[in-house]
Amino acid sequence: MMRSMFSGVSGLRSHQTMMDVVGNNVANVNTPGYKASQVTFQETLTQTVRGAAPGSGVVGGTNPIQIGLGTQVSTVDGIFTQGTAQNTGRATDVMIQGDGYFILGRGAERLYTRAGSFGFDRNGALVNGNGLAVMGWMPDPATGELNTTGAIQPIVVPAGQVIEPMATTEVSIGGNLSADAEENDQVRTSVTVYDSLGTAHELVLTFTKTANPGEWTVSGEIDGTSVIAPGATLQFNASGTLDSGSPLAVSYAPAGAAPLTISVDLEGATPLQQFGGPSSPEAYAADGQAIGFLQGVSIGADGTITAQFSNGMTRAVGIIATATFVNPGGLDRVGESTFAVSANSGAAVIGQPGAGDRGMLTPGALEMSNVDLAREFTNLIIAQRGFQANSRIITASDELLADLVNIRR
């Protein structure tokens with residue numbers, strides 16, 4: 001009777017543990033990146049009343065008589081299936097579609113998470129909700145290259161980051177100068193160019209038809225100053241293509257900036273031609289840029305963080321790293337939706353999202369909890385009934401003991 005009572009007690013303890021796990025799963029049903037757990041029971045010690053005996057010529061063999069002494073928790077395993085995606089619309093929210101974990105840093109400590117709700121702090125560091133730094137690769141300060149084989153470091157995108165201005169050196173003009181134009185007909189086109197300080201100037205080109213077949217003169221102005229040497233002409237052949245005159249040389253000395261020297265190409269990918277119909281010369285390409293101020297960032301599927309600047313330019317300013325493990329179930333849960341490496345998880349294998357067996361990233365979304373409420377409510381009933389049944393074992397054993405104590409001669 002004492003054995004049955006102790007077995008009942010062990011059943012109460014085990015089913016209480018099961019209830020604790022179910023309760024934690026249900027509590028985290030809306031926790032991004034949460035991975036559910038499940039309990040597995042196992043038999044405890046077994047008392048052998050009589051051992052097995054082999055048969056003889058007279059009688060057959062006998063099996064052992066063994067009485068179990070209850071149950072105990074064998075494992076509490078994590079369920080690492082993919083959670084569903086929830087769109088958030090935040091540029092810095094990302095989820096991993098497939099295997100992998102984001103790497104978080106707290107000094108030299110490394111933690112891992114599936115919860116990709118990130119943002120920037122006042123210093124421009126990419127962090128999670130608890131201020132842990134998101135780890136990855138930053139551009140080389142000297143070359144600007146991103147090396148994903150180097151050591152990872154906290155990702156920082158300073159809010160005051162700028163792209164330096166660049167002077168215009170090349171402009172490409174294409175389109176049509178009408179073969180139907182008469183002498184002294186003029187056609188104008190303009191393009192924005194930049195000096196070494198990033199100041200914008202308007203380059204205006206004027207094409208004037210001469211009396212000679214297929215010949216046009218060209219003049220140019222920037223801020224009212226002539227910038228093309230007098231006498232520049234274009235000569236088109238009978239096929240409508242240029243025979244001479246390209247490229248045009250533009251020279252200008254803006255106040256306070258380095259002198260501008262621009263080559264105007266008329267025979268590029270979309271050349272300037274002379275055919276019948278209306279004139280439509282226009283610039284389709286020009287280098288140079290104004291100073292660019294950081295306006296926003298976006299995260300790509302491969303973890304690349306791209307900064308957008310006010311001058312329309314973009315620049316890769318970092319790559320988010322992810323890690324995989326041989327045995328994710330061996331990771332230690334250390335709270336705040338993070339995991340730590342354990343003796344049985346294996347070392348973190350770090351790489352770029354999408355490389356090897358690592359999943360790609362989905363920007364603007366979070367991975368939700370993989371808790372299945374239908375399964376959890378079923379386990380809740382099982383745990384409740386198991387606890388209730390084991391309590392009945394204790395009650396019944398107690399009644400048997402009471403009957404024994406109350407025996408009278």
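Report follows, based on the coordinates. (Residues numbered from 1 in each chain as written. Predicted model: local features only at pLDDT ≥ 70, side-chain atom pairs only at ≥ 80, totals over all residues. Heavy atoms only, no water.)

### Thoughts on the side chain of K209
Along the chain, K209 turns up in strand β16 (residues 200–209). Despite its burial, K209 pairs with no opposite charge; the closest candidate is E215, at 7.1 Å N-O. Those residues within four positions of K209 in sequence are excluded, and the remaining contacts are A181, E182, E183, N184, D185, G214, E215, W216 and Q274. (Helix = DSSP H or I, 4+ residues; strand = E, 2+ residues; numbered from the N terminus. Buried < 20%, exposed > 50% of the residue type's maximum accessible area, 1.4 Å probe, protein only. Lys, Arg positive; Asp, Glu negative; His and termini not counted. Salt bridge = Lys/Arg side-chain N within 4 Å of Asp/Glu carboxyl O. Contact = heavy atoms within 4.5 Å.)

### Notes on the pattern of salt bridges
For the structure shown, the criterion picks out six salt bridges. The salt bridge partner of E109 is R106, with a shortest N-O separation of 3.0 Å. Under the relative-accessibility criterion, E109 is labelled partly exposed at 37%. A relative accessible area of 40% means that R106 is categorised as partly exposed. A salt bridge links R106 to E336, with the nearest nitrogen and oxygen atoms 3.8 Å apart. Of this pair, R106 sits in strand β7 (residues 101–106) while E336 sits in the loop between β29 (332–335) and β30 (338–340), placing them 230 residues apart in sequence. Residues joined by salt bridges that share partners form a network here, namely K35, R114 and E367.

### Here we look at the packing of aromatic side chains
We describe a pair of aromatic rings using the distance from one ring centre to the other and the angle between the two ring planes. Considering all chains together, one arrives at five aromatic pairs under this definition. Seen from their ring centres, Y101 and F339 are 5.8 Å apart, and the 70° between their planes marks the pair as edge-to-face. Note that Y101 is positioned in strand β7 and F339 in strand β30, a separation of 238 residues in sequence. There is no split in this pair, since Y101 and F339 are both buried. Ring centres of Y112 and F325 lie 5.0 Å apart, and the angle between their planes is 85°; on these two criteria the pair is classed as edge-to-face. With Y112 in strand β8 (residues 109–113) and F325 in the loop between β28 (322–324) and β29, the pair connects residues that are 213 residues apart, well separated along the chain. The exposure classification of Y112 matches that of F325, with both residues buried. (Phe/Tyr/Trp six-rings, centres within 6.5 Å; stacked < 30°, edge-to-face > 60°.)

### A closer look at the pairing of strand β27 (residues 314–320)
Here strand β11 (residues 133–137) pairs with β27 via two bridges, running antiparallel. Each bridged residue has a counterpart across the sheet, and for G136 the counterpart in β27 is I320. Bridge analysis of strand β26 (residues 304–309) against β27 gives five bridges, and the strand direction is antiparallel. Its bridge partner lying in β27, Q308 is registered against T314. (Pairing = 2+ DSSP bridges.)

### Some details on the side chain of T304
Locating T304 in the fold gives a position in strand β26. The class for T304 is buried, based on a relative accessible area of 16%. Within the structure, T304 has its side chain in polar contact with the side chain of D302 (distance 3.1 Å). Apart from the residues lying within four places of it in its own chain, the contact partners of T304 are S298, I299, A316, G318, I319 and Q352. (Polar contact = N/O pair within 3.5 Å; in protein donor to acceptor, adjacent residues only side chain to side chain.)

### Digging into the environment of D223
Within the secondary structure, D223 sits in the loop between β17 (215–222) and β18 (225–226). Separated by 22 residues in sequence, D223 and H201 place their C-alpha atoms 7.0 Å apart. Each residue touching D223, except ones within four places of it in the same chain, is listed here: H201, E202 and Y252. For D223, the side chain forms a polar contact with the side chain of H201, separated by 2.8 Å. Within the structure, D223 has its side chain in polar contact with the side chain of Y252 (distance 2.9 Å).

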